[in-house]
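A closer look at the structure
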Amino acid sequence: MRTRDWDEGEDAPATGGTREKERALKEVRAIYRQADTAYVPFSCPASGECCQLARTGRQPWLWLPEWELLTKGRPLPPAREDGGCPYLDAAGKRCTVYADRPFGCRTFFCERIRGPARQPAETVGALLERLERVSQSRDATLKAPRPLLEWHAESLTSAASRQTP
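Everything numeric here is computed off the predicted structure, so don't read it as measured data. (Residues numbered from 1 in each chain as written. Predicted model: local features only at pLDDT ≥ 70, side-chain atom pairs only at ≥ 80, totals over all residues. Heavy atoms only, no water.)

Once that is clear, we can look at the confidence of the model for the protein chain. Mean pLDDT over the protein chain: 88, with 90% of residues reaching 70 or higher. Note that residues 1-15 has pLDDT below 50 and, in this model, 27 contacts with residues that lie over four places away or in other chains. (pLDDT = per-residue confidence, 0-100. Contact = heavy atoms within 4.5 Å.)

See the structure below:
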């Protein structure tokens, strides 16, 4: 049975509206559930090392609806002095937004991953294509995902400018 894609059987939604945003967030959650299901046979040491973004030189890249889900209904955390993900707890070990963590956090594993010899690359590719379609439905001008820290810095700047009289 094929899963329903974002744009099947629907008229193209108008961009920017609350209804469209909620539909996009619902679809992102569905994509995340499918990614989690694909990775059920795998495990990691849960050390939080991959979240030390400055140290690893890697970070997840998010589409607009992923960023909207990550920031929905929660305050924007300050940047971390250690260059780690701003959504890490104070100890730098646990994700404070684990249920809404980005796709890249769900599908990236270090060399210590445990599980089958082969990761589900085809599933991941198909889900990434769906994320792109959802994002294009939200804002057709965004042609690619952006690094987490770029979204975060831009949002911090916007929040600061709104507070300045």
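This part is about helix α3 (residues 64-71). Burial analysis of α3 places seven of its eight residues in the buried class, the great majority of the element. Leu-64, Pro-65, Glu-66, Trp-67, Glu-68, Leu-69 and Leu-70 are the residues of α3 that are buried. Of the surrounding secondary structure, the elements contacted by the buried residues of α3 are α1 (18-38), β1 (61-62), α4 (103-107), α5 (121-138) and α6 (148-163). Among the residues trailing α3, Gly-73 stands out with phi positive, at a value near 70 degrees. (Buried < 20%, exposed > 50% of the residue type's maximum accessible area, 1.4 Å probe, protein only. Helix = DSSP H or I, 4+ residues; strand = E, 2+ residues; numbered from the N terminus.)

In this section: the packing of aromatic side chains. On inspection of all chains with the given rule, the structure shows two aromatic pairs. A centroid spacing of 5.3 Å and a plane angle of 50 degrees characterise the contact between Tyr-39 and Phe-42, whose relative ring orientation is tilted. Exposure class is identical for Tyr-39 and Phe-42. Each is buried. Ring geometry for Trp-67 against Trp-151: centres 6.1 Å apart, planes inclined by 10 degrees, an arrangement best described as stacked. Here the residue Trp-67 occupies a position in helix α3, and Trp-151 occupies one in helix α6, the gap between them amounting to 84 residues. With a relative accessible area of 6%, Trp-151 lands in the buried category. The lysine or arginine in question, Arg-101, covers the ring of Tyr-98, its NZ or CZ lying 3.8 Å from the ring centre. Its end group placed over the ring of Trp-151, Arg-146 keeps NZ or CZ at 4.2 Å from the ring centre. (Phe/Tyr/Trp six-rings, centres within 6.5 Å; stacked < 30°, edge-to-face > 60°. Lys NZ or Arg CZ within 6 Å of the ring centre and 35° of its normal.)

Once that is clear, we can look at the side chain of Arg-146. Its place among the elements puts Arg-146 in strand β2 (residues 146-147). If we ignore the near neighbours within four places in the chain, the residues touching Arg-146 are Pro-60, Trp-61, Leu-62, Trp-151 and Glu-154.

Among the nonpolar cores identified, the biggest contains 18 residues, and Val-28, Ile-31, Tyr-39, Phe-103 and Leu-131 are the most heavily contacted of them. When contributions to this core are tallied by element, the ones reaching two or more residues are α1 and α5. At seven residues, α1 tops the list of elements feeding residues into this core. Ignoring sequence-local partners within four residues, the contact set of Tyr-39 consists of Arg-106, Thr-107, Phe-109, Gln-119, Pro-120 and Val-124. (Core = buried A, V, L, I, M, F, W, Y, C linked by side-chain atoms within 4.5 Å.)

A few words on the environment of Pro-65. Here Pro-65 is to be found in helix α3. Once the C-alpha coordinates of Pro-65 and Ser-135 are considered, the two residues, 70 residues apart in sequence, prove to be 5.9 Å apart. Setting aside its immediate chain neighbours within four residues, Pro-65 contacts Ala-24, Leu-25, Val-28, Val-134, Ser-135 and Arg-138.

The interhelical angle for the contact between α1 and α3, taken along N-to-C directions, is 90 degrees, at an axis separation of 9 Å. When the axes of α1 and α3 are compared, the pair comes out roughly perpendicular. Residues Lys-21, Ala-24, Leu-25, Val-28, Arg-29 and Tyr-32 of α1 touch α3, and the partners they reach there are Pro-65, Glu-66, Glu-68 and Leu-69. Among the residues forming the contact of α1 with α3, the class breakdown is six nonpolar, no polar and four charged. (Axes fitted to C-alpha atoms, helices over the stretch in contact; angles between N-to-C directions. Parallel < 35°, antiparallel > 145°, perpendicular 65-115°, else oblique. Nonpolar A, V, L, I, M, F, W, Y, C, P; charged D, E, K, R; others polar.)

As a further point, take the pattern of salt bridges. Within the structure shown, the criterion is met by twelve salt bridges. Residues Glu-20 and Arg-19 are paired through a salt bridge, measuring 3.7 Å at the closest nitrogen-oxygen approach. Glu-20 gets classed as buried once you look at its relative accessible area, which sits at 11%. Looking at Arg-19, the relative accessible area reads 58%, which means it is exposed. Here Lys-72 and Glu-22 are joined by a salt bridge, their closest N and O atoms 3.0 Å apart. Of this pair, Lys-72 sits in the loop between α3 and α4 while Glu-22 sits in helix α1, placing them 50 residues apart in sequence. The exposure class of Lys-72 is partly exposed, given its relative accessible area of 37%. A single network of salt bridges, built from pairs that share partners, joins Asp-36, Arg-101 and Arg-106. (Salt bridge = Lys/Arg side-chain N within 4 Å of Asp/Glu carboxyl O.)

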